[in-house]
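# Understanding the architecture of this molecule
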Amino acid sequence: MAKQIINIGASANDGTGDPLRNAFDKVNDNFNEVYFALGGNSPSTIFNAQGEIEVLGESNKISFEYDNQADILALNAASLDGVIAIAMDTKHMYYSDGADWIRTAKFTDLDSIQPANTFSTIAISGQPSIVADSTADTLTFVAGTNVSLTTDDATDTITIAATFPNAQIDSHLNTQTASTGQVLSWDGFDYDWITPGSGGGTTTFIGLTDTPASFGSTGQVVRVNSSGNGLEFATISSYADADVDTHLNTSTASSGEVLSWTGSDYDWISVGGGSGYSDGNVDTHLNTSTASSGEVLSWNGADYEWIAAGGGSSTFAGLTEINTADLDVHDIGRQASTTLVVTANGAAAYRFDQYSTTDNPTIYAKAGTTIAFDLTAVSSHPFAIQTSGGSNYDTGLVHVATDGTTTTGSNAQGKTSGTLYWKVPAAINGDYKYQCLSHGAMNGTITVEAAAGSGGGGGGSPSRGTVTGTSASLANAATGNIDITGFKGYVLLKIQTDRAAWVRLYTSAAARTADASRTQGTDPGPNDGVIAEAVTTGAQTVVFSPATFGFNDEGTPTTNIPVAVTNNSGSTSTVQVTLTLIQMEA
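Residues numbered from 1 in each chain as written. Predicted model: local features only at pLDDT ≥ 70, side-chain atom pairs only at ≥ 80, totals over all residues. Heavy atoms only, no water.

### Examining the overall build of the protein chain
Looking only at helices and strands, the protein chain has seven helices and 35 strands in total. Out of the 586 residues in the protein chain, the part that is buried amounts to 27%. Taking as baseline every contact in the protein chain between residues at least 6 positions apart, the subset at least 24 positions apart corresponds to 49%. For the protein chain, the accessible surface area stands at approximately 34300 Å², while carbon and sulfur atoms represent 52% of it. (Helix = DSSP H or I, 4+ residues; strand = E, 2+ residues; numbered from the N terminus. Buried < 20%, exposed > 50% of the residue type's maximum accessible area, 1.4 Å probe, protein only. Contact = heavy atoms within 4.5 Å. Areas by Shrake-Rupley, 256 points an atom, 1.4 Å probe, with all protein chains shown as cover.)

Structure (structure tokens):
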């Protein structure tokens, strides 16, 4: 039962406290609980005349028990000075000295250890408490141990020995019989000291029965003896230079000679008359003295001979007809409808041979054909093909270096020698540009005429085609811009992505910038310049039905289609966007 509190009200006789009968009922309950806890006795009966706690003849008890030793050691000994406690798991008693918990020994009867009541020397460390409780006990301790000793009889004897007597060790280990050099051995019953070499061997090398009896002399070596049953020291004669000379005939060697095997021994012989192997020796054998520039070494059936290289050379440039035509491999690396020889007017402009001395002229090409740019005279002006928006356009590019090395796509851009071939895609038309990557002023327009039947003025009905652009590497949920070259006016049929993405098409770059803060799932305004958008969940194609009309609305309309793409793939990656279009305006 919990303690019951009597409500005495806020003030005397205010009528808010417990009624008198209820109040004394709580008093009785509280007293009954106290008396029950004391076994029905008055609290005064648990104290004796000296004021000490003493409960006699009752089942109640005051317990100092703790289940575990760890519970006692966890208590703060400094605040419990004089308190005792008993650990039930180890049966040890502890008391607090005001600083630490001190554990007493668990010796209850020394007679149970030594029935004869006489103890041999005992070394005890720590702080045990030893109680001698039988008549004539004899205790002997080694000096230096920290012990607490109590005797209960005038005849008990306690002796503190200065050291552990050597005689006791000698008695057990027989050290009194040990001689210098002997080792301690177990004889099957006790320890014994024996001489090395007796009893089957020794721990030293010289003591082994199969080794020489003494150390050898300086320069000697240990080897198996002639009987094959032991080792011996033996002297080995030094191997002198004369021994080598006798075998290898070095005594007969002359300067410039070489060591040769005669079939039975080594011998020194002359090379090239004894003067070394000279250029003349090579010339005599390989006829180098008769070689002319450009000749090749040939085997005539009996010896080497230098001959003309069959009227030509192993290099492309060395061929007679190539030299006559003044061609290099890059000149004919690909077939082209025309080749433009590119030069530079300082750092201000490019010039092309067909356009005379016009700086940065507009160049015309037809979709589906190949044009070539001879960059032999370009020098320090890296040449690139770009969209009208200024992004490198890598599709259809092949560069052939002067040594025949071929690179394609983006690796073909920015070259300063060789020939750049551009196989213009059949599906594109409109304005592109050439650009020096080192000088911003050196640029001009490349106008691509639509291929016949593509709807760009070549006759016939317009046909659908695809254009593709790829973003830079984007983190997941990051957005990047792509400028895809298409048409000034077009009908959008499909948007395809190679991974999960959110794609938006715009009328201009400014409209794309203004829409950059809009979030996925939010509709654009009616005049925001958003032509179409698609959300894909992977490599997916979104079909527009009905088809959507799109156009470029820059100040001067171009074939550029501004695109924004957000990577939704879940990891860092580029995003490739492919548009299926029908051209409506060149």
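### Here we look at the sheet that holds strand S21 (residues 370–374)
Taken in spatial order, the six strands of this open sheet run S19-S18-S21-S25-S23-S24, and their pairing is mixed. The open sheet has two edge strands with one neighbour each: strand S19 (349–352) and strand S24 (406–408). The average angle at which neighbouring strand axes cross in this sheet is 25 degrees, direction not considered. Pairing analysis gives four bridges linking strand S18 (residues 338–345) to S19, with the strands arranged antiparallel. If you follow Val-342 over to S19, its bridge partner there is Phe-352. (Pairing = 2+ DSSP bridges. Axes fitted to C-alpha atoms, helices over the stretch in contact; angles between N-to-C directions.)

### A word on the pattern of salt bridges
What the rule picks out here adds up to seven salt bridges. Where Lys-26 meets Asp-18, a salt bridge forms, and the shortest distance between an N and an O atom there is 2.8 Å. Salt-bridge contacts for Arg-499 lead to Asp-498; the nearest nitrogen and oxygen are separated by 3.5 Å. Exposure remark for Arg-499: the relative accessible area of 25% places this residue in the partly exposed category. Exposure remark for Asp-498: the relative accessible area of 29% places this residue in the partly exposed category. Each of Asp-515, Arg-518 and Glu-533 takes part in salt bridges that share partners, so that together they form one network. (Salt bridge = Lys/Arg side-chain N within 4 Å of Asp/Glu carboxyl O.)

### A short note on the pairing of strand S35 (residues 576–585)
Burial runs high along S35: seven of the ten residues are buried. Judged from the seven bridges that link them, strand S28 (residues 464–470) and S35 form a sheet pairing that is antiparallel. Across the sheet, Gly-469 pairs through a bridge with Val-577, a residue of S35. The pairing of strand S30 (residues 489–497) with S35 spans eight bridges and is classified as antiparallel. Its bridge partner lying in S35, Leu-492 is registered against Leu-581.

### Digging into the layout of surface pockets
To find leftover empty space, one rolls a probe the size of a water molecule over the atoms. Considering only enclosed or pocket space, the largest pocket measures out at about 430 Å³ in volume. Lining the largest pocket are 21 residues, with Tyr-393, Thr-395, Thr-468, Gly-469 and Asp-483 sitting closest to its centre. Looking at the lining of the largest pocket, the elements with two or more residues in it are S28 and strand S29 (479–485). Residues belonging to the lining of the largest pocket are distributed by class as follows: seven nonpolar, eleven polar and three charged. (1 Å grid on protein atoms, 1.4 Å probe; cavity = no way out; pocket = protein on both sides within 12 Å on 5 of 7 lines; lining within 4 Å. Points joined across faces, edges and corners; volume = space filled by probe spheres on them. Nonpolar A, V, L, I, M, F, W, Y, C, P; charged D, E, K, R; others polar.)

### Things to note about a negative patch on the surface
A surface patch of negative charge is lined by Glu-65, Asp-67, Asp-71 and Asp-89. Mapped onto the fold, Asp-71 is located in helix H2 (residues 69–73). (Patch = residues over 30% accessible without salt bridge, like charges linked within 9 Å, V, L, I, M, F, W, Y side chains within 5 Å. Lys, Arg positive; Asp, Glu negative; His and termini not counted. Charge placed at Lys NZ, Arg CZ, Asp CG, Glu CD.)

### Examining the environment of Asp-192
Position of Asp-192 among the secondary structure elements: in strand S11 (residues 191–194). Overall, the relative accessible area of 30% leaves Asp-192 in the partly exposed class.

### Thoughts on unusual backbone geometry
A cis geometry characterises the amide bond from Ser-545 onward to Pro-546, with omega recorded as 0 degrees. On the secondary structure map, Pro-546 appears in strand S33 (residues 540–551). Here the phi dihedral of Asn-13 falls at roughly 55 degrees; this positive angle occurs in a residue that is not glycine. Phi at Ser-356 is positive, roughly 55 degrees, even though this residue is not glycine. Within the secondary structure, Ser-356 is located in the loop between S19 and strand S20 (363–366). With relative accessibility at 52%, the residue Ser-356 sits in the exposed group.

### Here we look at the nonpolar core
Within the largest apolar cluster, 27 residues are counted, with the highest numbers of intra-cluster contacts made by Tyr-350, Phe-352, Phe-373, Phe-383, Trp-422 and Ile-446. Elements with a contribution of two residues or more to this core: S18, S19, S20, S21, strand S22 (383–387), strand S25 (419–423), strand S26 (430–436) and strand S27 (443–449). Element by element, the count of residues in this core is highest for S26, at three residues. Each residue touching Trp-422, except ones within four places of it in the same chain, is listed here: Thr-369, Thr-370, Ile-371, Ile-385, Tyr-393, Thr-395, Gly-396, Leu-397, Ile-428, Tyr-432, Ile-446 and Val-448. (Core = buried A, V, L, I, M, F, W, Y, C linked by side-chain atoms within 4.5 Å.)

### Let's talk about the confidence of the model for the protein chain
Residues of the protein chain with pLDDT of at least 70 account for 70%, and the chain-wide mean is 78. Confidence, read as mean pLDDT per element, is least for strand S5 (residues 118–122) in the protein chain (42) and greatest for strand S31 (residues 501–506) (98). Every residue in residues 107–135 is under pLDDT 50, and counting partners more than four places away or in other chains gives 67 contacts. Between residues 200–204, whose pLDDT stays under 50, and residues either more than four places distant or in other chains, the model counts five contacts. (pLDDT = per-residue confidence, 0-100.)

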